[in-house]
Every structure is written in structure tokens, then in C-alpha cells.
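Okay, here's what each chain looks like letter by letter:
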Amino acid sequence: DTAVSQTPKYLVTQMGNDKSIKCEQNLGHDTMYWYKQDSKKFLKIMFSYNNKELIINETVPNRFSPKSPDKAHLNLHINSLELGDSAVYFCASSQTGLLAKFFGPGTRLTVL
Amino acid sequence: KNQVEQSPQSLIILEGKNCTLQCNYTVSPFSNLRWYKQDTGRGPVSLTIMTFSENTKSNGRYTATLDADTKQSSLHITASQLSDSASYICVVFFDNNAGNMLTFGGGTRLMVKP
């Protein structure tokens, strides 16, 4: 069984569109995260939620809006997509703390 | 400037050999450090987490060390296998006046050849 799952795996879209990436974890963890991995493979944390509450919001454009309907889900909605948004986005979870332990398989976003 | 530096950037070794990856950080005050393994096209997998009081920790053929005085950590891989080919990422968690922070290193790309 997949511990952290995210959909879709691939997402190709045009500039200006709005898209969402969904994430679910079945580990019972309290904390979920979104990370962005750029073309140089650098991983950067974007958001962290603990029990549905935002605890980290790094310098991310407000076009990115995370939503946590319950502690098992953390979805990422992106408005007005730009070319620079092209990257792999990873969802992750851990029981506590700010270092994710389990990562999802990633969503490769390509903005044309 | 990235406050977590990893070296080497890439490394090629023969199967069965040992290797050591380095992670130096300048952030403070240090809280903990984690090593991740990331296979191509996959999400990172946590290997070890090191707190301030821990000097060494093993996970199978992986052994991580931490010297909090010199702000250095290493990941030693023993008897490498082809499946060890991946990127290894060092992440440092620290707490400053701005709140809890974490910084990622750029990773070391390891290739194990038969």
C-alpha cells in the first residue's frame, strides 16, 4: 500500500491556467508538506501543515494555495501558472517535526 | 548562498566498494540533520536523522556521522550495490529568530557501476 500518494503523476498545461495536485497519506501522520524540486534537483520546502493548520509558508507566490480538508489530505492549487512553475512537486508527511520522513512519488508539472 | 554544502557533486564507484559523502553546514543553532536517498524519478526516502547529541547512526550498510563542533556530517556506504545509485540529499533543521527553518543541500549523485 502506498503510504503517501499524489495525483496526477504528470501534468502538462499552458501558461495562465489553474491546476491542482492532490495528496493523501494513510500513515496517520499529523504533519504534511509540499516541496518543489527544480531542474537542478534542489529540493525546497513550500508549505507545512500540522493537523490541518499552516505552520510553514516559505517564500512562495500567493498563486500557490494549499488546502487541507483533513489531516490525511493536503492539496496544492496553483493559479495563473507560469513557465517558472515547471518542476517536480513532492508531497510528504511525518508524525511530527519539520523534516518529512515519507515522500510521495512526485508530480512532474510542465508549463508550456 | 546555500548554507548546506554537499560534496562531491557526483561520484562513480565500482560495485562492492565503499564511499563517503560529505555534508557541511553553516546554519545555527543546529537542531537536527537528515540524510535522504532519492532514486531517479522517485521521491526522497529518509535514511537517518541525527540530533545534536548523536555522533553516529547506522541503517544497514549506511552509516551517518555528525560532528556538531565542526558542523560536518558524512554518510558512509559500505559494500556498495548497483541499487545504491541515486542522489543523496542532506537536510539541516535549525531554529533561529525567524522561527524553525530547514535547508537542503544540493545533493550528491552516486553511480555504482558493475
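Above this text is the structure in question.
The text that follows walks through the structure, step by step, so that each part is easy to find. One numbering rule holds for all chains: residues counted from 1, following each sequence as written. Note on labels: chains are lettered from A, ligands numbered from 1, in written order. Selection of residues for local features in this predicted model requires a pLDDT of at least 70, selection of side-chain atom pairs for listing and counting requires 80 or more, and totals for whole chains, interfaces and linings are taken over all residues. Just so you know, side-chain values use all the structure's heavy atoms and leave hydrogens and water out.

### Here we look at the sheet that holds strand S3 (residues 19-25) of chain B
Residue and element names in this part refer to chain B. A sheet is described by the order of its strands in space; here five strands give the open sequence S1-S3-S8-S7-S6, paired in antiparallel fashion. Looking at which strands have only one partner, the edges of the open sheet turn out to be strand S1 (4-7) and strand S6 (56-59). Pairwise comparison of adjacent strand axes, ignoring direction, gives a mean angle of 15° for this sheet. Where S3 lies against strand S8 (residues 72-77), six bridges are found, and the strand directions are antiparallel. Along S8, the bridge assignment pairs Asn24 with Gln72. Each pair of strands is called paired provided DSSP finds at least two bridges between the two strands. Only runs of H or I of at least four residues qualify as helices and only runs of E of at least two qualify as strands under DSSP, and these elements are numbered from the N terminus. Every axis in this analysis is a line fitted to C-alpha atoms, fitted for helices over the stretch in contact. Angles between the N-to-C directions lie between 0 and 180 degrees.

### Regarding the pattern of salt bridges
All names here are of chain A. Any carboxyl oxygen of Asp or Glu that lies within 4 Å of a side-chain nitrogen of Lys or Arg is treated as forming a salt bridge with it. The final tally for this structure, using the stated rule, is six salt bridges over all chains. Asp30 is paired through a salt bridge with Lys71; the nearest N and O atoms lie 2.7 Å apart. Linking Asp30 in the loop between strand S3 (19-25) and strand S4 (31-37) with Lys71 in the loop between strand S7 (64-70) and strand S8 (73-78), this pair joins segments that are 41 residues apart in sequence. Residue classification places Asp30 among the buried positions, given a relative accessible area of 19%. Several salt bridges share partner residues, and in doing so they unite Arg63, Glu82 and Asp85 into one network. Here's how the labels work: a residue is buried when its accessible area is under 20% of the maximum for its type, exposed when over 50%, partly exposed in between, all with a 1.4 Å probe on protein chains only.

### Focus on the packing of aromatic side chains
Classification of ring pairs rests on two measures: the distance between centres of Phe, Tyr or Trp rings, Trp counted by its six-membered ring, which must be within 6.5 Å, and the angle between planes, read as stacked under 30 degrees, edge-to-face over 60 and tilted in between. Here the structure, examined in full by the defined rule, presents seven aromatic pairs over all chains. Relative to Tyr88 of chain B, the ring of Tyr62 of chain B has its centre 6.2 Å away and its plane inclined at 50°; by these criteria the two rings are tilted. On the criterion of sequence distance, the pair formed by Tyr62 of chain B in strand S7 (residues 62-67) and Tyr88 of chain B in strand S9 (residues 86-96) is long-range, its members being 26 residues apart. Of the residues examined, Tyr88 of chain B reaches a relative accessible area of 0% and is grouped as buried. A network of ring pairs unites the aromatic residues Tyr33, Tyr35, Phe90 and Phe103 of chain A together with Tyr36 and Phe104 of chain B as a single cluster. Whether a charge lies above a ring is judged from NZ of Lys or CZ of Arg, which has to be within 6 Å of the ring centre and within 35 degrees of the ring normal. Sitting over the face of the ring of Tyr62 of chain B, Arg61 of chain B holds its NZ or CZ atom 5.8 Å from the ring centroid.

### What about the side chain of Asp84 of chain B?
Residues and elements named next belong to chain B. You can see Asp84 is positioned in the loop between S8 and S9. Under the rule applied, a polar contact is a pair of N or O atoms within 3.5 Å (in protein, one hydrogen donor and one hydrogen acceptor; residues adjacent in sequence only if both atoms are side-chain atoms). Polar side-chain contacts of Asp84 include one of 2.8 Å to the backbone nitrogen of Gln81. Apart from the residues lying within four places of it in its own chain, the contact partners of Asp84 are Lys37, Arg61, Tyr62, Ile77, Leu110 and Val112. When checking whether two residues touch, look at their non-hydrogen atoms; a contact exists if any pair is within 4.5 Å.

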